[in-house]
Amino acid sequence: MSVTEGRDVRGQVLVCGAADTLASALPAVDGLALHRVGERPGKDEVDPLLDDGLLIVAGTDADLAAVVLRLLRKEKLGTTRVGFVPSDPLSDVAALWGLPTDPARALAVATQGEVDPVPLLRDDNGGVLVGRGTFGAIRGVAYCDDQVALRGTARSVEVSPDADGGPGLTVRVVRGLVFKRPVNFAGRAFQLGCIPTRPVSDGVPFPRAITRWTWYRHTEDLRLVRGLAGY
C-alpha cells in the first residue's frame, strides 16, 4: 500500500548531508520531488525550493533547524507545512513530538498527517532551536521569565520547546556537581549571564564562547506535520 494512498501529495523532500542510507530507505511518492542538499543547508540550497507547499526535511535535528531558519528569514513559517524524517534514531525532535524514527513511517506521517503547530524557539544570536539546547557545567545567573532558574553553579542546563502546551519552553537545571538535583521551569524566555561558555543548539556547539545567552519563543509557531493515527 502506498504511504499516500487516498491523498494527493505535492511537495519537496530535502535529503540533507551524507544521508545515502536514509535516501535509499525512503519509498518513492508521486508528487514529491527529492533534492540532495548539504549538511545544515543554507539559503543558496534551501531558498529556491521554498514554494509554500509541503516541505519535508530528511536529516538531523540540526538540518531541520537550518531549514526552519530559512523559512523564518523568508517569512514562510505561516504558509509552509513542515515534515521531518529523522536520520538519527535518538532525535530530540522526534522524541519531543512523537514522530517515528523509521524512515518509511516518518515519511507516511509527513505526507498524511495533519499540521499541529508547535513552539519555535529563537536565540539572540540569530539562530533557532527545534529540539534541545544545552550548557555543560556553568556558573552564573539565569532566569526563566521572572523566575530565578540559577544563581551559582550547575552541572548542566537543558532548554526545549514545551511539549505540554505551556508558555513556550521548558528549562531543566541540574544543580550540584556530586548529587544531581534537577529543577524544572516553564516560560516564554530563558536568559543566562555566566562565565564564558559555549551553548549547544540541536547538537551543534556555538562557534565561540559567550557570557550572555537567551532562548525565547518566536511569535509564530512551526507548522509541523504530525499526529497521524496508526503511526
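Residue indices begin from 1 for each chain and proceed along its sequence in written order. Where totals are concerned, whole chains, interfaces and linings use all residues; where local detail is concerned, this predicted model gives features only for residues with pLDDT of at least 70, and gives and counts side-chain atom pairs only at 80 or more. Hydrogens are left out, water is left out, and the side-chain values use all remaining heavy atoms of the structure.

K.L.:
Would you explain the sheet that holds strand β4 (residues 81-86) in this entry?
P.N.:
Sheets are built from strands paired through backbone hydrogen bonds, the pairs being either parallel or antiparallel. Paired strands, as defined in this entry, are two strands with at least two bridges between them according to DSSP. Here a helix means four or more residues in a row that DSSP labels H or I, a strand means two or more in a row labelled E, and each is numbered from the N terminus. Taking strand neighbours across the sheet as the criterion, the four strands line up as β2-β1-β3-β4 in an open arrangement whose pairing is parallel. Each edge of the open sheet is held by one strand with a lone partner, namely β2 (32-37) and β4. The sheet shows a mean angle of 20° between the axes of neighbouring strands, taken without regard to direction. Where strand β1 (residues 11-16) meets strand β3 (residues 54-59), five bridges bridge the pair, whose relative direction is parallel. Paired with Q12 across the bridge in β3 is L55. For this analysis, residues touch if any pair of their heavy atoms sits within 4.5 Å. Axis definition: a line fit to C-alpha positions, over the contact stretch in the case of helices; interaxial angles, taken between N-to-C directions, run 0 to 180 degrees. Its contacts with the sheet put helix α3 (residues 61-73) on β1, β3 and β4, and the angle it makes with β3 is roughly 150°.

K.L.:
What is the right way to read the packing of aromatic side chains from this model?
P.N.:
Only Phe, Tyr and Trp rings take part, Trp by its six-membered ring, and two of them pair if their centres are within 6.5 Å. Stacked means planes under 30 degrees apart, edge-to-face means over 60, and tilted covers everything else. In this structure the tally under the stated criterion is three aromatic pairs. Aromatic side chains F206 and W213 sit 5.0 Å apart centroid to centroid with 70° between the ring planes, which places their arrangement in the edge-to-face category. Of the two residues, F206 and W213, neither departs from the other in class, the shared state being buried. A ring pair is formed by W213 and W215, whose centres lie 5.7 Å apart and whose planes are at 75°; its orientation type is edge-to-face. As far as the burial class goes, W213 and W215 line up, both buried. Each residue in the set F135, F206, W213 and W215 is aromatic and connected to the rest through ring pairs, giving one cluster. Only protein chains enter the accessibility calculation, which uses a 1.4 Å probe; a residue whose area is less than 20% of its type maximum is buried, one above 50% is exposed, and one in between is partly exposed.

Shape descriptors only; they carry no functional weight alone.
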